[in-house]
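Coordinate analysis (summary)
For reference, the chains in residue letters:
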Amino acid sequence: MAIKVCKFGGTSMADGNVIKSVKNIIDGDMDRRFIIVSAPGKRYSGDIKVTDLLYDSYNALVSGGDFKKAFAAVKARYVSIVKELNLNFDINSVLEETEGRIIKERSEDFTASRGEYLCARIVAGVLNAKFIDAENVIFFDENGALNGEKSYKAVAEAVKDAPRAVFPGFYGVDGRGADGKVKTFSRGGSDISGAIVARAVHASMYENWTDVSGFLACDPRIVDSPRRIKSISYKELRELSYMGANVLHSESIFPVRRANIPINIKNTFRPEDEGTLILPTSRYTPCGNIVTGVAGKKNFTVIFIEKSLMNSEVGFIADVLNVLKKEGVPVEHIPSGIDTMSLVVESECLQGEKLNRVIEEIKQSVEPDVVRVIENIALIATVGHGMSSSVGTSSRLFSAIAAANINVKMIDQGSSEINIIVGVSNNDYEKCIKAIYREFFV
């Protein structure tokens, strides 16, 4: 029998009425056996996500503020959800137990994880399904990375006799054995939890239920009603997710990609919509459009370095990168020429005096002829498997940007030839995305 793993995002858990709709979706397909839930999201504009309420509670706890008052807002959300569901579930006892453990643990990760924990307890009751605590089946190693093999084995063992089970997303336990503490993924990490479960149970499909009907070709806040992408490859999705297209957490791809499990992005509020199918590259056929999608991010800093005969100086690039390694600064891209190289770094990684230290250490380490800093740069990625086999794609791209009177400050094309990244001023970010979208999709 086929097995579908379903992850439901925060808007799908926002209140009891939406959870009733989730139950109907799950009951409508008996293959939907294993469910991963996020913490309740916003019910309306201006509402506060439960995870943010929990961070507020933790901050109150450690700063000597009114923790009980802060946590009361969390309690009220869950009491309301149980009441709306008319569920025979002693939520008050579970909340009291949770409050006591938060006070005992005094851990930001543990506190934040309780949004998913409490939600999964409720959804398991709604579905009459087995509740499996992620604390018992999702493991990180001593370096904080996912211990995949241990996690897959534990999940498979936990569900072997369960016709249906519910997992809280977003967290697991760190690698300190019996003394391990709850550790969370980065925000949006329930997507990763769902992918881990899908890999562990050899799912035929990983359904990721959100509040949109699939992946869009660009940000709808910039372009009105952009085209929905019917299908996309893992590689394309990874590029677009990394560059800010945030329907799916970029790291959630890895567990399912290695097992060739397709992902379907679906809309909880429009379950009849087809959504977007994300496929292994070996099973993916381009939809006919040269470009699959356009995405980008603002606020990068470019450190431009020039030195004559740089190309013949053994270890030059390594010496430069060691400076950034020493300062704990990750590098996003390194476009280069014979005598030049550029280091593209997220601006938030060079706050305060760190940028000045990095520049001085580069000067001391490699004695460049020129070092120049360019700030307030936006990176925009144009992505598609069809680009590598289509003559003139780059010409069309740069002609469209030039026609919009935008100055390109940086160009980087990956060796896979499925993406071209351009750097422009933050002020030209939206205009550039609109120009590229018009050229390839309108």
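This report concerns the structure included in the present document. Since we're looking at a predicted model, the values are computed, not measured. (Residues numbered from 1 in each chain as written. Predicted model: local features only at pLDDT ≥ 70, side-chain atom pairs only at ≥ 80, totals over all residues. Heavy atoms only, no water.)

1. Concerning the overall build of the protein chain
- Looking only at helices and strands, the protein chain has 13 helices and 17 strands in total.
- Viewed in the frame of its principal axes, the protein chain has a C-alpha envelope of about 75 × 50 × 40 Å.
- For the protein chain, the residues scored as buried account for 54% of the 442 residues in total.
- Look at the contacts in the protein chain between residues 6 or more apart in sequence, and 73% of them connect residues 24 or more apart.
- When the accessible area of the protein chain is evaluated, it comes to approximately 19900 Å², of which 46% is carbon and sulfur surface.
- Charge-centre separation for the protein chain: the mean point of 54 positive side chains lies 5 Å from the mean point of 56 negative side chains. (Helix = DSSP H or I, 4+ residues; strand = E, 2+ residues; numbered from the N terminus. Buried < 20%, exposed > 50% of the residue type's maximum accessible area, 1.4 Å probe, protein only. Contact = heavy atoms within 4.5 Å. Areas by Shrake-Rupley, 256 points an atom, 1.4 Å probe, with all protein chains shown as cover. Lys, Arg positive; Asp, Glu negative; His and termini not counted. Charge placed at Lys NZ, Arg CZ, Asp CG, Glu CD.)

2. Notes on helix H6 (residues 148–159)
- With 12 residues, H6 extends 17 Å from end C-alpha to end C-alpha; this agrees with the ideal 16 Å at 1.5 Å per step.
- Taken residue by residue, H6 has Gly148, Ser151, Tyr152, Ala154, Val155, Ala158 and Val159 as its buried positions. For H6, the angular spread of the buried residues around the axis is 170°, confining them to a single face. With respect to the buried face of H6, the exposed residues turned more than 90 degrees away are Glu149 and Lys153.
- Residues of H6 that are buried in the fold lie against strand S2 (32–37), strand S3 (130–131), strand S4 (165–168), helix H7 (190–200) and helix H9 (253–258).
- A side-chain oxygen of the first residue of H6 lies 3.2 Å from the backbone nitrogen of Lys150; this N-cap is Asn147. (Expected span 1.5 Å × (residues − 1). Arc of directions from axis to C-beta. Polar contact = N/O pair within 3.5 Å; in protein donor to acceptor, adjacent residues only side chain to side chain.)

3. Quick word on unusual backbone geometry
- For Asn86, which is not a glycine, the phi torsion comes out positive at approximately 50°.
- Within the secondary structure, Asn86 is located in the loop between helix H3 (67–85) and helix H4 (91–105).
- By relative accessible area, Asn86 is classed as exposed at 71%.
- Although it is not a glycine, His202 adopts a positive phi angle of roughly 55°.
- By the element assignment, His202 lies in the loop between H7 and strand S7 (205–210).
- Residue His202 is classed as exposed on the basis of its relative accessible area of 69%.

4. Considering the sheet that holds strand S16 (residues 410–413)
- What the 5 strands build is an open sheet, ordered S14-S13-S15-S17-S16; its pairing is antiparallel. The open sheet terminates on both sides in strands that have one partner only, identified here as strand S14 (340–346) and S16. Taking each pair of neighbouring strands and ignoring which way they run, the sheet shows an average axis angle of 35°.
- As paired strands, S16 and strand S17 (residues 419–425) are joined by 4 bridges and run antiparallel to one another. (Pairing = 2+ DSSP bridges. Axes fitted to C-alpha atoms, helices over the stretch in contact; angles between N-to-C directions.)

5. Digging into H7
- Buried residues dominate H7, accounting for 11 of its 11 residues.
- If you check which residues of H7 are buried, you get Ser190, Asp191, Ile192, Ser193, Gly194, Ala195, Ile196, Val197, Ala198, Arg199 and Ala200.
- Phi turns positive, to about 55°, at His202, one or two residues after H7.

6. Observations concerning the sheet that holds strand S10 (residues 231–233)
- Overall, mixed pairing links the 8 strands, which are arranged S3-S4-S2-S1-S7-S11-S12-S10 in an open sheet. Where the open sheet ends on each side, the last strands, each with one partner, are S3 and S10.
- Bridge analysis of S3 against S4 gives 2 bridges, and the strand direction is parallel. Its bridge partner being in S4, Lys130 is matched across the sheet by Ala165.

7. Looking at the pattern of salt bridges
- Counting across every chain of the model gives 27 salt bridges.
- For Lys23, the salt bridge identified is with Asp27, shortest N-O distance 2.6 Å. On the criterion of helical spacing, the pair formed by Lys23 and Asp27 is a turn pair, its members being 4 residues apart in helix H1 (residues 16–27).
- Taking relative accessible area as the criterion, Lys23 reaches 29% and is therefore assigned partly exposed.
- According to the relative accessible area criterion, Asp27 is partly exposed, its value standing at 34%.
- A salt bridge links Arg101 to Glu135; the nearest nitrogen and oxygen atoms lie 2.9 Å apart. Here Glu135 lies in the loop between S3 and H6 and Arg101 lies in helix H4, a separation of 34 residues in the sequence.
- By relative accessible area, Arg101 is classed as partly exposed at 30%.
- One salt-bridge network, held together by shared partners, links Lys4, Asp29, Arg32 and Glu207. (Salt bridge = Lys/Arg side-chain N within 4 Å of Asp/Glu carboxyl O.)

8. Focus on the environment of Phe398
- Checked against the element boundaries, Phe398 lands in helix H12 (residues 393–403).
- Take Phe398: its relative accessible area is 26%, and that puts it in the partly exposed class.
- Setting aside anything within four residues of it in sequence, one finds Phe398 in contact with Val408, Ile411, Ile420 and Val422.

9. Quick look at the nonpolar core
- Counting residues in hydrophobic clusters, the biggest one holds 119 residues, and the most contacted among them are Tyr78 and Phe167.
- Ranked by residue count, the leading element in this core is helix H5 (residues 108–127), at 10 residues.
- Of all hydrophobic cores here, the second largest spans 17 residues; its members include Ile303, Met310, Val345 and Ile362. (Core = buried A, V, L, I, M, F, W, Y, C linked by side-chain atoms within 4.5 Å.)

10. As for the side chain of Ser38
- Within the fold, Ser38 resides in the loop between S2 and helix H2 (50–63).
- Classification of Ser38 as buried rests on a relative accessible area of 9%.
- Engagement of the side chain of Ser38 in a polar contact is seen with the side chain of Ser190, the distance being 3.3 Å.
- Beyond its immediate stretch of four places on either side in the chain, Ser38 contacts Lys7, Phe8, Gly9, Gly10, Met13, Glu116, Cys119 and Ser190.

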